[in-house]
Amino acid sequence: MTKQLDSFFGAMADPTRRAVIERLASGPASVSELHAPHQMALPTFMRHLQVLQDSGIVRSIKKGRVRTCYIEAAPLIEVQGWLAWQREIWENSVE
């Protein structure tokens, strides 16, 4: 679990990657759509997507010349469970 948490929090530490996750929360998007609002070269943006894919938060499918990205809920649910556990520990230690 520690490696998964490290990967997740490392991926989410960057504002560009958080923006991609926020966009994908509303549905799948092509790489071009995800890249459009960011003022960076496409190869730089692709490195951000690769970090998200390596962490398991995002997956992509290439159909023809279009690569479509999707959010993966499982890593988010796992982290949410860990955060809830941490919250319970902290709330119980304060009492």
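Summarised in this report is the structure supplied together with it. Counting starts from 1 at the beginning of each chain's written sequence and moves along it residue by residue. Only residues with pLDDT of at least 70 are given local features in this predicted model, and only at 80 or more are side-chain atom pairs given and counted; all residues enter the totals for whole chains, interfaces and linings. The basis for the side-chain values is all heavy atoms of the structure; hydrogens and waters are excluded.

### A word on the overall build of the protein
Using the following cut-off: Per the convention used, a helix needs a DSSP run of H or I reaching at least four residues, while a strand needs a run of E reaching at least two, with both numbered from the N terminus. Each residue's exposure class comes from its accessible area (1.4 Å probe, protein chains only) as a fraction of the maximum for that residue type: buried when under 20%, exposed when over 50%, partly exposed otherwise. Note on contacts: a residue pair qualifies if any of its non-hydrogen atoms lie within 4.5 Å across the two residues.
A count of helical and extended segments in the protein gives five helices and three strands. Helices (α) and strands (β) of the protein occur, in sequence order from the N terminus, as α-α-β-α-α-β-β-α. For the protein, the C-alpha atoms occupy an extent of roughly 55 × 25 × 25 Å along the three principal directions. Counting over 95 residues, the protein shows a buried share of 31%. Restricting to contacts in the protein with at least 6 residues of sequence separation, those with at least 24 account for 51%.

### What to know about the packing of aromatic side chains
In plain terms, the rule: Aromatic pairs are defined between Phe, Tyr and Trp rings, using the six-membered ring for Trp, whenever the two ring centres lie within 6.5 Å; interplanar angles under 30 degrees are classed as stacked, those over 60 as edge-to-face, and all others as tilted. The criterion for a charge sitting over a ring is simple: Lys NZ or Arg CZ within 6 Å of the ring centre, and within 35 degrees of the ring normal.
For the structure shown, the criterion picks out two aromatic pairs. Judged by centre distance (5.3 Å) and plane angle (80°), the ring pair of phenylalanine 8 and phenylalanine 9 falls under edge-to-face. Its relative accessible area of 10% is what places phenylalanine 8 among the buried residues. According to the relative accessible area criterion, phenylalanine 9 is partly exposed, its value standing at 38%. Taking the centre distance of 6.0 Å and the plane angle of 65° together, the rings of phenylalanine 9 and tryptophan 82 count as edge-to-face. Here phenylalanine 9 is found in helix α1 (residues 2–12), whereas its partner tryptophan 82 is found in helix α5 (residues 73–94), with 73 residues between them in sequence. The partly exposed category is assigned to tryptophan 82, whose relative accessible area is 26%. Taken together, Phe8, Phe9 and Trp82 form an aromatic cluster joined through their ring pairs. Cation over ring: arginine 59 sits above tyrosine 70, and NZ or CZ is 4.5 Å from the ring centre.

### With respect to the pairing of strand β3 (residues 66–71)
Threshold: Here a strand pair is declared whenever DSSP counts at least two bridges between the two strands.
Here strand β1 (residues 29–30) pairs with β3 via two bridges, running antiparallel. Considered in β3, the bridge of serine 30 is made with threonine 68. Summarising the sheet, strand β2 (residues 58–63) and β3 pair through six bridges and their orientation is antiparallel. Across the sheet, the residue bridging to arginine 59 is tyrosine 70, located in β3. Between the antiparallel neighbours β2 and β3 lie two residues, among them glycine 64 with a positive phi of about 65°.

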